[in-house]
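# Architecture at a glance
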Amino acid sequence: MSNKMWGGRFAAGPDAVMEAINASIDFDRRLWMQDIAGSKAHAAMLAETGILTAEDVAAITHGLDTIASEIESGSFNFSTALEDIHMNVEARLAELIGPAAGRLHTGRSRNDQVATDFRLYVRDALDRLDAALAGLQGALAEKALKHHDAVMPGFTHLQAAQPVTFGHHLLAYVEMTARDRGRITDARKRLNESPLGAAALAGTSFPIDREMTAKALGFDRPTANSLDSVADRDFVLETLSAMSIMAVHLSRFAEEIVIWSSAQFGFVHLSDAWTTGSSIMPQKRNPDAAELVRAKTGRVFGATIGLMTVMKGLPLAYSKDMQEDKEPFFDALDAAELMVAAMTGMVSDMEPNRETMQAAAGAGYSTATDLADWLVRALDLPFREAHHVTGRIVDLAAQSGRDLDDLALEEMQAIEPKITAEIFAVLGVDNSVKSRVSYGGTAPANVKAQAEAWLARLKA
């Protein structure tokens, strides 16, 4: 038997394998809410323009509301034979209200229908993701404010470089997350045009009002070219790209949490809520949540590259290849939302071991740059000469296994006679971080002000 929804041209039904590869209902049923909203807006417009009678539209609207209730309650019967969410809804509508259901599709196609549904879904997803990222920023800023003066080593090449504060380090991720939210805002703005009414690819001869449906669905305007309307998936690619960069940031932070919580570093403690044990080693506390955030980044990347690969060779307008846009997007979105939630939870939960971090901050001659800067400021040495003098002093300390502030003044004066006792004021890690008062620097006063400013901005 041919498909009664489109099978007038076909005398026989599809092969079972064809039905399996063609059907998308197992994943695009997620679009049911958007599909019904789009259909109700389309029906209202058809009534307003006189294309359908008010009676038909009233029946259609009531039937769509009934279907929404059935899906919400779990009593709706999804059919693979009906391929997708659009035809499942339309078939059930026909069962509920009869021939009037067949008039709903006047002036539209599944091509513009799915493009509209998917834009609505992605728009909702972007709003959720933005709100979740704002929550992460809040958790980071709260923790940064609490520990604005906790000294820790700052790293380059994963080698101790200069002392910073824990709060300063956390605020770096607030800034990254702000850029992530900016990309989400940009993606949403470009997405917010309605394809509904573009029909299959060429528009329609019916006197539809696309401005009306666009407004009803919360779009800024209708799309301007019917071919592009049904062929475009930039809005999905841009969202995936924004999520991919976001995932990079989350993965970098997850990696740091894995390192920081190790016995070798011991910088932070995660509670039982965010760690797991070992089946054989009872002493273990594994940072599995952080590791899985790090790993799920690959799923987001994979969806991005996968859809780019699908789209790169498609001529205008619609091709069935584009059905492969949804499943990887849904998977990537699920992963991304879970990653943000897990990271927010870990940030709120973790507590720094201030003493351990402070001790590590002083190791590896991390105040050497402070010494060089002092030589420039106090002795007016050119920085390159100050760099050379500092290197010799560091070498002296390293040969004797001492820290810089353990050296005697006379030992440093043997290398540079003009050095005075004032040098010791810059060699401690606390003095080092307090001196970094330039805008964006790690001075505790800076960090406190930045954390408070972020919290005020997020609250507003």
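Throughout, a residue's number is its position along its own chain's written sequence, starting from 1. Two thresholds apply to this predicted model, a pLDDT of at least 70 for residue-level local features and 80 or more for giving and counting side-chain atom pairs, whereas whole-chain, interface and lining totals are computed over all residues. Each side-chain value is worked out from all heavy atoms of the structure, with water and hydrogens disregarded.

Residue L316 is joined to A317 through a cis peptide bond whose omega torsion reads 10 degrees. Here A317 shows up in the loop between α11 (288-311) and α12 (326-349). Phi angles above zero are rare outside glycine, and D380 is one such case at about 60 degrees. Exposed residues in this analysis have more than 50% of their type's maximum accessible area, buried residues have under 20%, and partly exposed residues fall in between, with area computed by a 1.4 Å probe over protein chains only. Note on D380: relative accessible area 66%, which makes it exposed. Where helices and strands are cited, they refer to DSSP runs of H or I of at least four residues and of E of at least two residues respectively, numbered from the N terminus.

In these notes, a set of buried Ala, Val, Leu, Ile, Met, Phe, Trp, Tyr and Cys residues joined through side-chain atoms within 4.5 Å is what counts as a nonpolar core. Judged by nonpolar contacts, the single largest core of 89 residues is most densely connected at F253, F329 and M343. Among the elements that take part in this core, helix α10 (residues 234-260) stands out by supplying 14 residues, more than any other. In this structure, V389, L407, L409 and M412 belong to the second largest nonpolar core, which totals 21 residues.

We now examine α11. In this analysis, the expected span of each helix is defined as 1.5 Å times one less than the number of residues it contains. An ideal rise of 1.5 Å per residue puts 34 Å on 24 residues; α11 measures up with 35 Å between its terminal C-alpha atoms. Regarding α11, the residues found buried are A289, A290, V293, T297, V300, A303, T304, L307 and M311. In this structure, the buried residues of α11 make contact with α9 (226-231), α10 and α12. Any two residues whose heavy atoms approach within 4.5 Å at even a single point are treated as in contact.

Let us now look at the environment of H269. Inspection of the secondary structure puts H269 in strand β5 (residues 268-269). Separated by 61 residues in sequence, H269 and F330 place their C-alpha atoms 33 Å apart.

All axes are obtained by fitting lines to C-alpha atoms, using only the stretch in contact for helices, and the reported angles, taken between N-to-C directions, cover 0 to 180 degrees. It is the contact of helix α6 (residues 110-146) with helix α18 (residues 444-459), at a shortest axis distance of 9 Å, that shows an interaxial angle of 150 degrees. As judged from the angle between their axes, α6 and α18 are roughly antiparallel. You can see that α6 and α18 cross each other, and the crossing is left-handed. Each of A134, Q137, G138, A141, E142, A144 and L145 in α6 lies in contact with α18, whose residues at this interface are V447, K448, A451, E452, W454, L455 and L458. The residue classification treats Ala, Val, Leu, Ile, Met, Phe, Trp, Tyr, Cys and Pro as nonpolar and Asp, Glu, Lys and Arg as charged. All others, Gly included, are polar. Of the residues that constitute the contact of α6 with α18, the class distribution is nine nonpolar, two polar and three charged. In this scheme, roughly parallel covers angles under 35 degrees and roughly antiparallel covers those over 145, while 65 to 115 is roughly perpendicular and the rest are oblique. Left-handed describes a crossing whose near helix is turned anticlockwise from the far helix through less than a right angle; right-handed describes the clockwise counterpart.

Pairing between two strands requires that DSSP report at least two bridges joining them. Here six bridges tie strand β1 (residues 151-156) to strand β2 (residues 159-165), and the two strands are oriented antiparallel to one another. The partner of V151 across the bridge, within β2, is T165.

Turning to the side chain of D35, a few remarks are in order. Structurally, the position occupied by D35 is in helix α3 (residues 32-48). One buried charged side chain, D35, makes no salt bridge at all; its nearest oppositely charged neighbour is R108, positioned 5.8 Å away. What D35 contacts, discounting residues up to four positions off in sequence, is I85, H86, V89, Q113 and D117. Counting rule applied: Lys, Arg positive; Asp, Glu negative; His and chain ends not counted. Each reported salt bridge corresponds to a side-chain nitrogen of Lys or Arg within 4 Å of a carboxyl oxygen of Asp or Glu.

To describe two helices that pack against each other, one gives the angle between their axes and the distance between the axes. Packing of helix α7 (residues 166-191) against α18 leaves a shortest axis separation of 10 Å and a crossing angle of 35 degrees. Here the hand of the crossing between α7 and α18 comes out left-handed. Facing α7, whose interface residues are G167, H168, L171, V174, E175, A178 and R181, α18 presents V447, Q450, A451, W454 and L458. Taken together, the residues that form the contact of α7 with α18 break down as seven nonpolar, three polar and two charged.

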